[in-house]
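# Fold and geometry: a report
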Amino acid sequence: METEQAFLGVETSLTGRRWRGPSAETARAAEALAQASGRPLPLCAVLARAGITPEEAETYLDPKLRDLLPDPRSLHDMERAAARFLQAVRRGERIAVFADYDVDGGASAALLLDWLRQQGRRATLYVPDRIDEGYGPNVPAMRKLAADHDLILCVDCGTLSHAPVAAADGADVVILDHHLGGETLPEAHAVVNPNRQDEAGDLGHLCAAAVVFLMLVEAGRQLRESGHAGPDLMAMLDLVALATVADVAPLRGVNRALVRAGLHRMGRRARPGLVALADVARLSRAPDSAALGFALGPRVNAGGRVGQADLGARLLATPDPEEARALAERLDALNEERRAIEARVRDAALAQAEARGLDAPLVWAAGEGWHPGVVGIVASRLKEMTNRPAVVIGLDGTEGKGSGRSVSGVDLGAAVQRLAGEGLLVKGGGHRMAAGLTVAPDRLEDAMARLAELLARQGAGAERAAALKVDAILMPRAATPELVEALEAAGPYGAGAPAPRFAFPSLAVRHARRVGESHLKLELDDGEGGRIGAIAFGAYDGPLGPRLEAHGGARFHVAGRLELNHWQGRSRVELRLDDAAEAG
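Residues numbered from 1 in each chain as written. Predicted model: local features only at pLDDT ≥ 70, side-chain atom pairs only at ≥ 80, totals over all residues. Heavy atoms only, no water.

### Here we look at the sheet that holds strand β9 (residues 400-405)
Strand order in this open sheet of five strands is β7-β8-β9-β11-β10, and the pairing throughout is mixed. Both outer strands of the open sheet, β7 (363-368) and β10 (427-430), are each paired with one neighbouring strand and no more. Each neighbouring strand pair of the sheet contributes to a mean axis angle of 10 degrees, computed without reference to strand direction. Examined bridge by bridge, β7 and strand β8 (residues 390-395) share six bridges and lie parallel to one another. If you follow A366 over to β8, its bridge partner there is I393. (Pairing = 2+ DSSP bridges. Helix = DSSP H or I, 4+ residues; strand = E, 2+ residues; numbered from the N terminus. Axes fitted to C-alpha atoms, helices over the stretch in contact; angles between N-to-C directions.)

As structure tokens, this is what we get:
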């Protein structure tokens, strides 16, 4: 629960947000934790936010996969799926991997291809074209794969694909997925999915790559029971970490341990595809969770969005550094192309959404010729700008393919799935925070009106002003490299576990200069000898940059996240400034 009173009295900041701090209960818990453990109060604020008690702090700050990894057999069909997989490997059967075209699908496929390669086996990789085939298995592709293969592994897709699975006549189909299941399941050999309706749901936060990893853990167990050894699964955690972050899976429980261990593996630069990807992204140090989400993930996704759909999976799976370098360079170029297309669609979608009104429970836009590969990203941008669920749809004359993004507390996937069940969509599905859909143009208005109605029932649009959540107050002198390192120990940060944000009260702007097209570089001080450098990315896209640059000697409350800026062997704390408000 959050405080009712605005934090530092900021009702409306320069970006129009109301600042919210921790509840009184959370603040007291943080102080008690600091007293009991001797740890810095800012760190304890982060721990208290996560509900960590003094007794749990040590294990939370050092999560062990062996303590948190669930028993794979707790998931329905897991033993059956692993046994069929191993049977195909032992008998030298023909195996195909049908993967979704995003990072999670690519990483899931790469896990299987890597495992099989280390066992001296090969598999056919099939990734559907986003525009020509759309999401998930389709009848022609599954029929063709079944004609030439004995086992088809569908990863990050398949749970709702009844007809395509039925079309795979002559081949066994194993589904390893995490998307919401329907009332019935396809007639596959096995459907492993923590979001099946008959599952308990306690593992529903896993991405598909984590489900595939659990299947490989179970396969390893069955191999050991028969006196054989399998590949080193710990070396594959880099792929699971990338998929978990890029698919915006909440970083709690086992996901924290998976990402943390995967980042450690990634730092060894052992996987050629990830090494090449980091190099084209010009990462100067080992990737953190932010780098996975904002530097590596978009490049892996670029192939599925605007290029050749299987490029990402091939990059992640290849053991050849030269092939990895070529694929990474191609994906980097496609990512630049994607950004240009995205900008055009974003501008058009925003203009349309504004004309329709941004106060409704759902913000949506649809346009002829909008590239299906960028509608999800644009929907995410609209959601961030309006603090409302958003759907963006590309029309091609005969149908519309769209993607949606939701806000906390509003289950978009379930609403879209209900719409499909009511016949307003050709098809649709997803999970709480994201969904995909296909709609006939003549049903578009009715479908969006009904979706808005369903989302309103969940509270979408009830609060117009976006909130900026702040964890604690901090003074510039307390923002030391040692504190930043201590805060990093409470990570990784991402979905469900946002990086801590601190408010610095009543600072003066000593220097302010524009950098690049829209960023602002600042030097701030508290008037008592404490100084901190700050950078506000995109500050000139709104009122933040112009007001801080033309500060006129005014003092400001500022809020942001602490980072270590490494330069010429030295580390300096810098504030990544998110917002500011004039100090009264």
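### Observations concerning the environment of P287
Among the secondary structure elements, P287 is positioned in the loop between α12 (272-280) and α13 (289-306). Given the relative accessible area of 13%, P287 is considered buried. Residues in contact with P287, not counting those within four places in the same chain, are L263, M266, L292 and L296. (Buried < 20%, exposed > 50% of the residue type's maximum accessible area, 1.4 Å probe, protein only. Contact = heavy atoms within 4.5 Å.)

### Some points on the nonpolar core
Membership of the largest hydrophobic core comes to 99 residues, with the highest contact counts inside it found for F85, L112, W115, M215 and L216. The element that contributes the greatest number of residues to this core is helix α9 (residues 208-225), accounting for eleven residues. Residues in contact with L112, not counting those within four places in the same chain, are F85, V97, L153, V155, V212, M215 and L216. If you look at the next biggest cluster of nonpolar residues, it comprises 46 residues, including L33, A57, F502 and A580. (Core = buried A, V, L, I, M, F, W, Y, C linked by side-chain atoms within 4.5 Å.)

### Comments concerning the state of the cysteines
The full count for this structure, using the stated rule, is zero disulfides. Of all cysteine sulfurs, the one in C157 lies closest to C154, which takes part in no disulfide; the gap is 5.1 Å. Looking at C154, the relative accessible area reads 0%, which means it is buried. For C157, a relative accessible area of 0% corresponds to the buried category. (Disulfide = S-S within 2.5 Å.)

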